[in-house]
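Close look at the chain arrangement
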Amino acid sequence: MATRSPNWSIEETTLALSLYVVTPYSRIRADNPQIMALAKLIGRRPGAVSFKLANLASFDDKAKGKGFDHTSKNDSLVWNHYFDGRELSLPSLMDDAVTIANKLPNPDLSLTDWLDPQSNEAPLSPSLLSRETLTDLLVTPEFSDEIKVIRTQRRSQGIFRQAVLANFNGACAVTGCCIPSLVEAAHILPWADHPCERLKLSNGLALNPFLHAAYDDNLLGIDADGKIFVSDSLLSNKGGNEKMLRHLREINGIEIDFSKLRVQPNKDYLDDRFQTYRSFQLSR
């Protein structure tokens, strides 16, 4: 392997940033399989890649105390290029990362090297997907092939899921559960009705499957301040398990602390969705 310059290029830094946005702070370490895979792709040591992700974290207002201060000019240029003042632009970042990755010859690196070993849903980072696949993933044209639509939506959901879980450090916002198979990414503004907000981190909540389903069905509401409202229909479910009902009563009225997230949920999105929840309750 040729000796690499100690200085990271714009392209390498872009790949690192694409991995940063889908990596929880707790997994920014050299033995993370995804960090090892990126290191193999660009010919650097895993420790150097881990260090670079920590450098990028120093630009993150919500990562104070977690990032390093040894940043470079290229680190700043790349971060500012994709940061819109509130959050990183996931679609354009991943688009560019795929283009860069596809120009790097590394026949020994399999797509499976980027798969999250604890998830069967999607790659932890899409940076090794083909250009054609990413176009399918991030652009929303009118599809005539129903199978292609389903495939594209599932891939988009996969990217969104990994980024949202990283934002919430892999844990359900309400219960704190951090078992990957039991934490899902919920859209605040529904996927089908808000295509422009589909891949925005500020439109995502990490919830366990039960709470996710309840939220989607307007049986559970979350207002702009993060306060949880459990519907009367859930609380008065006489046929429900008493332990579950007790748990629902306990979370009813508590407030989720969003203050430590990299990207806080958009309050306007939360309020819009909460009004839908209230309307649904009044109509019952």
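Counting starts from 1 at the beginning of each chain's written sequence and moves along it residue by residue. Predicted model: local features are reported for residues with pLDDT of at least 70 only, side-chain atom pairs are reported and counted for 80 or more only, and whole-chain, interface and lining totals are derived from all residues. Note that water and hydrogens are dropped before the side-chain values are worked out from all heavy atoms of the structure.

**Digging into unusual backbone geometry**
The backbone of N169 sits at a positive phi, close to 55°, despite the residue not being glycine. Under the scheme used here, helices are H or I runs from DSSP no shorter than 4 residues and strands are E runs no shorter than 2 residues, and both carry numbers assigned from the N terminus. Along the polypeptide, N169 turns up in the loop between helix 7 (146–167) and strand 1 (184–187). Exposure classes here rest on a 1.4 Å probe applied to the protein chains alone. A residue is buried below 20% of its type maximum, exposed above 50%, and partly exposed in between. Exposure remark for N169: the relative accessible area of 37% places this residue in the partly exposed category. In this model, N218 sits at a positive phi of 60°, which is unusual for a non-glycine residue. Structurally, the position occupied by N218 is in the loop between helix 8 (209–216) and strand 3 (220–222). A residue is classified by how much of its surface remains accessible, and N218, at 12% relative accessible area, is buried.

**Here we look at the packing of aromatic side chains**
Classification of ring pairs rests on two measures: the distance between centres of Phe, Tyr or Trp rings, Trp counted by its six-membered ring, which must be within 6.5 Å, and the angle between planes, read as stacked under 30 degrees, edge-to-face over 60 and tilted in between. On inspection of all chains with the given rule, the structure shows six aromatic pairs. Here F274 and Y277 contribute two aromatic rings whose centre-to-centre distance is 5.7 Å and whose plane-to-plane angle is 25°, an arrangement assigned as stacked. Separated by three residues within a single helix, F274 and Y277 lie in helix 11 (residues 267–283), roughly one turn from each other. Through a chain of ring-to-ring contacts, the aromatic side chains of Y20, F59, W79 and F83 assemble into a single cluster. Over the ring of Y25 we find R262, and its NZ or CZ is 4.4 Å from the ring centre. Two limits define a charge over a ring: the Lys NZ or Arg CZ must be within 6 Å of the ring centre, and within 35 degrees of the ring normal. Between R273 and the ring centre of Y215, over which it is positioned, the NZ or CZ distance is 4.4 Å.

**A look at the packing of helix 1 (residues 10–20) against helix 4 (residues 73–82)**
Each axis is a line fitted through C-alpha atoms, taken for helices only over the stretch in contact, and angles between the N-to-C directions span 0 to 180 degrees. Between helix 1 and helix 4, the shortest axis-to-axis distance is 9 Å and the interhelical angle comes to 55°. In terms of their interaxial angle, helix 1 and helix 4 are classed as oblique. In the crossing of helix 1 with helix 4, the sense of the turn from one axis to the other is right-handed. Of the residues in helix 4, those in contact with I10, T13, T14, L17 and Y20 of helix 1 are N74, D75, L77, V78, W79 and Y82. Residues are sorted three ways: Asp, Glu, Lys and Arg are charged, Ala, Val, Leu, Ile, Met, Phe, Trp, Tyr, Cys and Pro are nonpolar, and all the rest, Gly among them, are polar. Tallied by class, the residues present in the contact of helix 1 with helix 4 amount to seven nonpolar, three polar and one charged. Roughly parallel refers to an angle under 35 degrees, roughly antiparallel to one over 145, roughly perpendicular to one between 65 and 115, and oblique to any angle outside these ranges. Helix crossings get a hand from a simple test, with the near helix turned counterclockwise from the far one by less than a right angle marking a left-handed crossing and a clockwise turn marking a right-handed one. Note on definitions: a residue-residue contact is assigned when non-hydrogen atoms from the two residues lie within 4.5 Å.

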